[in-house]
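One letter stands for each residue in the lines below.
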Amino acid sequence: MKKQSLKPYVPILCGIVAGILYGTLVRFAFGRPEFQKFLGLMTFGFIFLVPFVLGVQVVYFAELERKTSWLFRIFMPWVPGLFLLTAAFLTGWEGSICILMALPIFLIFSSIGGGFMGLAFDTDGDSHTKGAPLLIVCAVLPLVCSSIEQQFQLPQTLRTVDTQITINAPPAVIWHNIERVPAIQPQEHKPSLFHRLGFPRPVEATLSHEGIGGVRHATFEGKVLFVETITTWEREKKLAFTIKADTASIPPTTLDEHVTVGGPFFDVLDGTYWLEPVGHNQVILHLSSHHRLSTRFNFYAGWWTDAIMRDIQNNILGIIKNRCERK
């Protein structure tokens, strides 16, 4: 009697296990250096189509026993996806920020895959016979797509992030706090989601000499160093600089390889402060930056890189405001 009660759940379990095994094997293959000419983790084929296949597999195996509901087709594919992401986090296979970025895609596209296979079953009475070839085609689709993508250079998108804050202090005081940034104490930082996910916080910024050509060394936690060369120096008005990450000094454990500044997928290029007086001893301090994004899915990754840069810039502006207004 007990065996009979468990029988309907066996196909569902098979689908979940198949999805977990498939996802693990594909992640291993796509991450191997010897396969990078044809496969890549930062491709549409891996990020978007692998969760799609997970959904296809779960519904395919489940409907070998009986027809499932649309709620099942939409939400049950989340199980293998969430299991894989959790396992990747616990084993350190992926960094926290990459897992967070992948989470919405895994949920949405695994549901699309489950709905796709369910719809195929609904429109074909002989689903058991014709579903297997469809499953195989879907399973190889990420490999084919990624192989095609890897034959083309990564696209490059230049993105701008603008932030600002109102400071109740004279321009001279504000300028003094942006040309150089003395060591920032831990209590000066506000809570930050992206810091909790592994992004280092700023520590200090030194300046070799005033004027165009001066070099700022902006240090972040984890021995992350940015060399900033002054390109515009208008005292108490505007300070602009190019940014170059000292990638040789950044330990490989500080940032996830897919979001390393100065890496193949992401780089910060320049920054600009400018002061906008709006009243007596009141100034709007603007901070703008440009960063390069190079992925196969810039339309999605750009939302995250903008959010990360905005979070970092707002943190810096907040520290400057507090320091200026204490004087």
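Criteria and cut-off values
- Residue positions within a chain follow its written sequence, with the count starting from 1.
- Side-chain atom pairs in this predicted model are given and counted only at pLDDT of 80 or more, local residue features only at pLDDT of at least 70, and totals for whole chains, interfaces and linings cover all residues.
- Side-chain descriptors were evaluated using all non-hydrogen atoms of the structure, hydrogens and water having been removed beforehand.
- Strands are runs of DSSP state E lasting at least two residues, helices are runs of H or I lasting at least four, and both sets are numbered from the N terminus onward.
- All radius of gyration figures rest on C-alpha atoms, and the globule criterion is 2.2 Å times the number of residues raised to 0.38.
- Buried residues are those whose accessible area, probed at 1.4 Å on protein chains only, stays under 20% of the maximum for their type, while exposed residues exceed 50% and partly exposed ones sit between those limits.
- Here, residues are in contact when the closest pair of their heavy atoms is within 4.5 Å.
- Reported accessibility uses the Shrake-Rupley method at a 1.4 Å probe radius. Residues are deemed covered only where the shown protein chains occlude them.
- Counted charges follow a simple rule, with Lys and Arg positive, Asp and Glu negative, and His plus the chain ends left uncounted.
- Lysine's charge is taken at NZ, arginine's at CZ, aspartate's at CG and glutamate's at CD.
- Definition of nonpolar core: a set of buried residues of the types Ala, Val, Leu, Ile, Met, Phe, Trp, Tyr and Cys, connected through side-chain atoms within 4.5 Å.
- The length a helix should cover is 1.5 Å for every residue beyond the first.
- Think of a salt bridge as a Lys or Arg side-chain nitrogen and an Asp or Glu carboxyl oxygen that are within 4 Å of each other.
- Patch membership requires over 30% relative accessible area and the absence of a salt bridge. Like charges are linked within 9 Å, and nonpolar side chains (Val, Leu, Ile, Met, Phe, Trp, Tyr) within 5 Å.
- What qualifies as a polar contact is a pair of N or O atoms within 3.5 Å, subject to a donor-acceptor requirement within protein and to the restriction that residues adjacent in sequence count only when both atoms come from side chains.
- Should DSSP find at least two bridges between two strands, the strands are taken to pair.
- Angles shown run from 0 to 180 degrees and are taken between the N-to-C directions of axes, each axis being a line fitted to C-alpha atoms and, for helices, limited to the stretch in contact.

(A) Quick look at the overall build of the chain. In terms of regular secondary structure, the chain is built from 11 helices and seven strands. For the chain, the C-alpha radius of gyration of 25 Å lies well beyond 20 Å, the compact-globule estimate for 327 residues. Each of the three principal axes of the chain carries a C-alpha extent, and together these read 80 × 40 × 35 Å. Residues counted as buried form 49% of the 327 residues belonging to the chain. Pairs at least 24 apart in sequence give 68% of the contacts found in the chain among residues at least 6 apart. Accessible surface, the chain as shown: approximately 16500 Å² in total, 65% of it carbon and sulfur. Computing the positive centroid from 28 side-chain charges and the negative centroid from 26, the chain places the two 5 Å apart.

(B) The arrangement of the nonpolar core in detail. Membership of the largest hydrophobic core comes to 84 residues, with the highest contact counts inside it found for Tyr-273 and Leu-285. When residues in this core are grouped by element, the largest group, 12 residues, is from helix 11 (residues 298-326). Non-local contacts of Tyr-273, meaning those with residues more than four positions away in its chain, are made with Ile-178, Arg-216, Lys-237, Lys-238, Leu-239, Phe-241, Leu-285, His-286, Leu-287, Ile-316, Leu-317 and Ile-320.

(C) Helix 6 (residues 78-91), seen in detail. Look at helix 6: 20 Å from first C-alpha to last across 14 residues, which is about the 20 Å you get at 1.5 Å a residue. Buried residues along helix 6 sit in contact with helix 2 (10-31), helix 4 (49-62) and helix 7 (96-122). Positive phi shows up at Gly-92, right after helix 6, with a value of about 75 degrees.

(D) How the structure looks around the pattern of salt bridges. All told, the structure shown has 11 salt bridges when counted by the stated rule. The residue Glu-63 makes a salt bridge to Arg-73 at a minimum N-O spacing of 2.9 Å. Here the residue Glu-63 occupies a position in the loop between helix 4 and helix 5 (70-75), and Arg-73 occupies one in helix 5, the gap between them amounting to 10 residues. The two residues Glu-63 and Arg-73 agree in class, both being buried.

(E) Main features of helix 4. Here helix 4 spans 20 Å end to end across 14 residues, near enough to the 20 Å set by a 1.5 Å rise per residue. For helix 4, a buried count of 13 out of 14 residues is recorded, marking the element as mostly surrounded by other parts of the structure.

(F) Expanded view of a nonpolar patch on the surface. A surface patch of nonpolar side chains, about 490 Å² in accessible area, is lined by Trp-70, Leu-71, Ile-74, Phe-75 and Leu-119. Structurally, the position occupied by Leu-119 is in helix 7. Classification of Leu-119 by relative accessible area gives partly exposed; the value is 47%.

(G) Main features of the environment of Thr-43. Note on placement: Thr-43 falls in the loop between helix 2 and helix 3 (44-47). For Thr-43, a relative accessible area of 0% translates into the label buried. Sequence separation of Thr-43 and Thr-295 is 252 residues, and the distance between their C-alpha atoms is 7.2 Å. A polar contact is formed between the side chain of Thr-43 and the side chain of Ser-146, at a distance of 3.4 Å.

(H) A look at the sheet that holds strand 5 (residues 238-245). Across the sheet, seven strands lie side by side as 1-7-6-5-4-3-2; this open sheet has antiparallel pairing. Bordering the open sheet on either side are strand 1 (157-167) and strand 2 (202-207), each of which pairs with just one other strand. Between one strand axis and the next, the sheet turns by 20 degrees as a mean value, whatever way the strands run. Two elements, strand 1 and strand 7 (residues 282-293), share 11 bridges in a ladder whose sense is antiparallel. Opposite Ile-165, over in strand 7, you have Leu-285 as the bridge partner. Running at roughly 170 degrees to strand 6 (residues 266-279), helix 9 (residues 171-179) makes contact with strand 1, strand 2, strand 3 (215-220), strand 4 (224-234), strand 5, strand 6 and strand 7 of the sheet. Helix 11 contacts strand 1, strand 2, strand 3, strand 6 and strand 7 of the sheet and is inclined by roughly 25 degrees relative to strand 1.

(I) Looking closely at unusual backbone geometry. The backbone phi angle of Glu-236 is positive, close to 65 degrees, even though this residue is not glycine. Among the structural elements, Glu-236 can be located in the loop between strand 4 and strand 5. The partly exposed category is assigned to Glu-236, whose relative accessible area is 34%. The phi dihedral of Asn-281 falls on the positive side, at around 55 degrees, and the residue is not glycine. Note that Asn-281 resides in the loop between strand 6 and strand 7. Relative accessible area serves as the criterion here: at 36%, Asn-281 is assigned to the partly exposed category.

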